[in-house]
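Structural features, examined
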Amino acid sequence: MLIEIERGRNQTLKQIRDLAARFGNQIEITEGTGVFDTIHVIGDTRGFSAREDYVRSLPGVRAFFHAASGYANIARTIRGKDGVAQRRDRRIVEVPGLDGKIRRIGSGKHMFIVGPDSPQTLEQTLAIARMARDVGERFGVLDRMILRGGAFKPRTRPNSWRGLGMKGIAMLDAAREESGIPYATEIMDLNRVEEIGTHADMLQIGTRNSQNFDLLESVGRFGKPVILKRGFGNEVEEWFYAAEYVANQGNLNIVLCERGMKTLFTKGGYCRNQPDLNAITFARKQTILPVIFDPSHVAGDFRIVAENLMASVAHMVDGTITETLHDESFRQEQLCDAAQALTMEAYASIVEAVLTYEEKVLPLVRKAVGDSSNGR
Ligand code: PEP
Ligand code: MN
């Protein structure tokens, strides 16, 4: 645990030293280059860290960082009993399909998660699934395709359309049956995890529920793979702790998803949520979990989805989750997120672009950044 403190705050320093001594922790002080120094609190810091608010309230304290062991189950670097830091391999989350192919998220190859915002008609849902299969076959990436679709929709306004519920789940089941491709769907109610989770191949926790701790624990206990979106106002660490809630229950099949944040600037009309692309790199460095990106909710407009998606590829993301239409004529029928849906035809071009990038450009980028681990 690290605390940044203004130099010369001797009274505060004494209070921190006393607190550390009370819990049997040592402290070490590193002089910073500016007017702040860093205090390292060493040892089993559970008792100390429970007093975080008190420490933060002391005069001169600027920041309080937790060691990665605060999310020990998912942390890339952990401290063993001997106190020596160890680096863990990043994890691959496997999602088996009815077609016998296993989707491996985090394997170093981009995972293409695609589908409607929400299943609205059987025809629409099946058409997208067939098109996804066709794209997968055409480019030899069927084992890298997963379907998406929210049957239970978290809506900002209570009178907006909120999805078809279990009828929508039945449509997604039919799409999987038809295409052989597994699907991910959002879960909002902790009391329905089993009911919905028995159908779905992956459960999605949306941005609005990303700190619904009871829900996180409930999907953690259930055990199926989870897509955990980052809360639209959450720091990266808060996102990692949310994942730790799932992991604490014994489920490490978690895929982190960056989907942009609400900021002062999202009111400008040029993006719906501001993407934090460096969070992808950071999450891959700090945790063992695969990280995907949602260009649709970042963009809010289908005309800028492609470049956002490609930007995340440049950040070596493990996959993307994109909302699509089976036909342009359906846009006016779509009851949620119509403006940001890409046609499947446009999506096919993106798949080709990603594969070309993976083949031609990514090896050079990896060389430039010194990553010899093939994206892992
Ligand atoms: C969605 O995927 O349709 C969705 C509601 O996403 P988010 O939770 O990121 O807003
Ligand atoms: Mn949506």
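The strand order across the open sheet built from four strands is β2-β3-β1-β4, with neighbouring strands paired in antiparallel fashion. Every other strand in the sheet has two partners, leaving β2 (26–31) and β4 (61–65) as the edge strands with one partner each. Each neighbouring strand pair of the sheet contributes to a mean axis angle of 20°, computed without reference to strand direction. In this structure, β2 lies alongside strand β3 (residues 36–42), joined through six bridges in antiparallel fashion. Bridge pairing in β3 links Glu-31 to Asp-37.

Turning next to the site of ligand 1. The local shell around ligand 1 consists of Asp-117, Gly-150, Pro-154, Gly-206, Thr-207, Arg-208, Lys-229, Arg-259, Asp-294 and His-297. Looking at side-chain class alone, the shell around ligand 1 contains one nonpolar, four polar and five charged residues.

Before going further, it helps to examine the domain arrangement of the chain. On domain assignment, one finds that the chain holds domain 1 (2–66) and domain 2 (93–369). Look at where the C-alpha atoms of domain 1 and domain 2 centre, and you get two points 40 Å apart.

Okay, the packing of helix α4 (residues 122–138) against helix α5 (residues 166–179) next. For the pair α4 and α5, the least separation of the axes is 9 Å and the interaxial angle reads 35°. The element α4 and its partner α5 pack so that their crossing is right-handed. Across the interface between the two elements, Leu-122, Thr-125, Leu-126, Ala-129, Arg-130, Ala-132 and Arg-133 from α4 touch Met-171, Leu-172, Ala-174, Ala-175, Glu-178 and Ser-179 from α5. The class makeup of the residues in the contact of α4 with α5 is eight nonpolar, two polar and three charged.

Basis of the calculations
- Residues numbered from 1 in each chain as written.
- Chains lettered and ligands numbered in written order.
- Predicted model: local features only at pLDDT ≥ 70, side-chain atom pairs only at ≥ 80, totals over all residues.
- Pairing = 2+ DSSP bridges.
- Helix = DSSP H or I, 4+ residues; strand = E, 2+ residues; numbered from the N terminus.
- Axes fitted to C-alpha atoms, helices over the stretch in contact; angles between N-to-C directions.
- Near = placed C-beta within 6 Å.
- Nonpolar A, V, L, I, M, F, W, Y, C, P; charged D, E, K, R; others polar.
- Domains from an automatic or database assignment.
- Left-handed = near helix turned anticlockwise from the far one by under 90°.
- Contact = placed C-beta atoms within 7 Å.

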